[in-house]
Amino acid sequence: MQYNDDIERVLIDKETILKRVKGLGAEITRTYEGKELLVVGVLKGGFIFMADLVREIRCKLQLDFISVSSYGNSTESSGIVRIIKDIETNIANKHVMLVEELIDTGLTLSHLKQLLYTRKPASIKICTMFDKPSRRKINLEVDFIGLEVPDYFIVGYGLDYSESYRNLPEVCVLKPEVYRKKCEQ
Ligand code: PRP
């Protein structure tokens, strides 16, 4: 099947991911004990992580989703974020936690955080499953980090290449010829 042929190797297996998600859930539970939390998933990539994460958080919480698109080329964000689908919740005086699958340059989340602060929440924290600190272009405080990853072209567990591979249960390194082929078309 072409889908499997596109994968070079598994970088992070399913068990490692789920064990870390459990740990993050416990950290988040301790942080928000006695508070009400609004968990905001950043679509599309964050949806698989968010589904696993919220089931490990033992606090009263509500869910919402935001979908953003970054102006810029397809592989790197510019930091100017356009909201495609906004949250439906009024976040004034609420404790908000943004959930992402990956922070790379940090520009998307930095912009999104600034934008949501104008709506006067009680707090905003950021949780990402994967972090590529080597790629950071801006100083961004990330409150909960699942795993640091090297600067490989990775897919799976929500991460895509050209909208495919999000459904892989593990994080995999894509064969370079897959994205090179696309660039040459
Ligand atoms: C990815 C990821 C973050 C952003 C991180 O989204 O989900 O939103 O890039 O990059 P940054 O730290 O360099 O700003 P993408 O634009 O690929 O959209 P997707 O979630 O729909 O895959």
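Please refer to the structure placed before this passage.
Only a predicted model underlies this, so the values are computations on that prediction, with no experimental measurement involved. (Residues numbered from 1 in each chain as written. Predicted model: local features only at pLDDT ≥ 70, side-chain atom pairs only at ≥ 80, totals over all residues. Heavy atoms only, no water.)

Draft legend 1. Main features of the sheet that holds strand S1 (residues 7–12). One open sheet holds the 3 strands; their spatial order is S1-S9-S8, and the pairing between them is antiparallel. With partners counted over all chains shown, the strands left at the sheet margins are S1 and strand S8 (154–155), one partner each. Across 2 bridges, the pairing between S8 and strand S9 (residues 171–174) is antiparallel. In the sheet register, Ile154 faces S9, and the bridge partner there is Val173. (Pairing = 2+ DSSP bridges. Helix = DSSP H or I, 4+ residues; strand = E, 2+ residues; numbered from the N terminus.)

Draft legend 2. Spatial organisation of the state of the cysteines. As enumerated under the stated definition, the model contains 0 disulfides in all. In this structure Cys59 is not part of a disulfide, and its nearest cysteine sulfur, from Cys127, lies 13 Å away. Judged by its relative accessible area of 16%, Cys59 is buried. (Disulfide = S-S within 2.5 Å. Buried < 20%, exposed > 50% of the residue type's maximum accessible area, 1.4 Å probe, protein only.)

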